[in-house]
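As a plain string of letters, each chain reads:
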Amino acid sequence: MSVLRSRPVLRWLVPATAAVAVIGGGAAVGTFAAEAEPSLPPRTAAQLLVDLQTSRLEGLSGTVVQRADLGLPPLVGLVPGNQLTTMLAGTHTLRVWYSGPDQQRVALLDTLGEQDVIRNGRDLWTWQSRTNTATHRILSGDLGAGKPTPEQAANLPATPQQAADLALGAVDPSTEVSVGRSATVAGQDAYELVLQPRDRASLVHQLRIAIDAKRHVPLRFEVLAKGSDRPAFEVAFTEVDYRRPDADQFTFNPPPGVKVTEEKAGAPTAGKPGHADPAGDPKVRAVGSGWTTVLVARLDGPLAGGRAPAKPGAPAAGSEPDVDVSKFLGGLAAVNGDWGSGRLLTSKLFSVLLTDDGRVLAGAVTPERLYEAARG
């Protein structure tokens, strides 16, 4: 069940397109500094879930820090310009503002500039200071409050609210739910809700959600991999203010000389908030359920054979570096079995199997579970 499915206030749209660039030169903060454990009245896991369902949030602003340490091999850097890989390592700092389901803003702070995404009603603006370029889109009329933009559905969660929604959407009999230790996050006393997979084939040890004791808003989200006591992924407020931001925060005033591109309205992504729905793609299918779901995709072309061909409409040669597929694959471990043969990429939280017959299998599971899916 998803306890937040009917609570758009906890799914507020902070479009994650602003959170897909690595913070150049930023110093890693490691695990967020722990403060003294506050003394709070006891609450059960069921009560905390109800707290999340019944929370009311008029407005919010603050600073969010996101850190990922997934233990990826260095060869992942061979994929240049890949926005997803930049989010799988390092530290990112964002400023966020929220004033209801149709007014949100997020600013990714970078040593070389700033990237903003602003939603004000049906207007969606993105801006990059480094290139002084902006895009504007009128959101389609069927994009209701709480539904993700296409950009949000395709990226990692940018805030604790988004991360908590993704996690709680997975609560089912395969999940053990308990209460952890209380904490102080961004100066606020918080309870901790702990989700733990029952299936040992999952690489996830625990998900920990720190919930504001008074306002019941997620303030911190951590993912711990098996065998580690440090979060492999965490996103948390370091500063938070529950006053409603001024309306001016959601008005985009193009800077002098900015190049504005008008885009057509995109249809909202189907499926759960924050999830790209694989069921909508005939080339992707899901094997299994719960924490050990494996996604299986069939590629159009061979996995080996040099550099990836340019896509139609892509910039001319020399404007962007090519992806050297053969070099990338050559750095992965060669594996084989009764399911066939291929290459294996492993990290703390997920595994990816690329078979020689053109399939890609991925999940937050052990390689053995991928082999089982490939065999089928």
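Before reading further, recall that the structure is shown in the block above.
Quick look at the structure, then. Everything numeric in this text was worked out from a predicted model, so none of it was measured.

What follows concerns the pattern of salt bridges. Per the stated rule, a full pass over the model turns up 14 salt bridges. Across the pair arginine 181 and glutamate 37 runs a salt bridge whose closest N-O atoms are separated by 2.9 Å. Highlighted residues: arginine 181 in the loop between strand 7 (175–179) and strand 8 (183–185) and glutamate 37 in the segment before helix 1 (45–54), separated in sequence by 144 residues. Of the residues examined, glutamate 37 reaches a relative accessible area of 44% and is grouped as partly exposed. A salt bridge links glutamate 222 to arginine 220, with the nearest nitrogen and oxygen atoms 3.8 Å apart. Each of Glu192, Arg220 and Glu222 takes part in a single network of salt bridges with overlapping partners.

Ordered in space as 14-15-19-18-17-16, the six strands form an open sheet in which the pairing is antiparallel. Each edge of the open sheet is held by one strand with a lone partner, namely strand 14 (284–287) and strand 16 (333–337). When the angles between neighbouring strand axes are averaged without regard to direction, this sheet yields 25°. Across four bridges, the pairing between strand 15 (residues 294–298) and strand 19 (residues 359–363) is antiparallel. Bridge pairing in strand 19 places leucine 295 opposite alanine 362.

In this structure, Leu60, Leu168, Leu193 and Phe237 are the most contacted members of the largest nonpolar core, which totals 51 residues. One finds Val294, Val296, Leu344 and Leu361 within the second-largest nonpolar core, a separate group that totals twelve residues.

This brings us to the environment of arginine 230. In this fold, arginine 230 is placed in the loop between strand 11 (218–225) and strand 12 (231–241). A relative accessible area of 40% places arginine 230 in the partly exposed class. Along the chain, arginine 230 and aspartate 69 lie 161 residues apart, while their C-alpha atoms are 9.2 Å from each other.

Let us now look at the pairing of strand 4 (residues 113–120). Note: strand 3 (residues 103–110) against strand 4, eight bridges, orientation antiparallel. Residue pairing in the sheet places aspartate 110 in a bridge with glycine 113 of strand 4. In this sheet, strand 5 (residues 123–128) lies alongside strand 4 in antiparallel orientation, the contact comprising six bridges. Among the inter-strand pairings, aspartate 116 is bridged to a residue of strand 5, identified as tryptophan 127. Between the antiparallel neighbours strand 4 and strand 5 lie two residues, among them glycine 121 with a positive phi of about 70°.

What counts and what doesn't
- Within each chain, residue numbers correspond to sequence positions counted from 1 in written order.
- pLDDT decides what is reported in this predicted model: residues at 70 or higher carry local features, side-chain atom pairs at 80 or more are listed and counted, and totals for whole chains, interfaces and linings draw on all residues regardless.
- The side-chain numbers reported here are obtained from all heavy atoms of the structure, hydrogens and water having been left aside.
- The rule for a salt bridge is simple: a side-chain nitrogen of Lys or Arg has to be within 4 Å of a carboxyl oxygen of Asp or Glu.
- Per the convention used, a helix needs a DSSP run of H or I reaching at least four residues, while a strand needs a run of E reaching at least two, with both numbered from the N terminus.
- For every residue, the accessible area obtained with a 1.4 Å probe (protein chains only) is divided by the maximum for its type, and the residue is called buried under 20%, exposed over 50%, and partly exposed between those limits.
- A pair of strands is treated as paired once DSSP finds two or more bridges between them.
- Helix axes are fitted only over the stretch in contact, all axes being lines through C-alpha atoms; the angle between N-to-C directions runs from 0 to 180 degrees.
- To define a nonpolar core, start from buried Ala, Val, Leu, Ile, Met, Phe, Trp, Tyr and Cys residues and group those joined through side-chain atoms within 4.5 Å.

Purely geometric stuff here, so don't read any function into it on its own.
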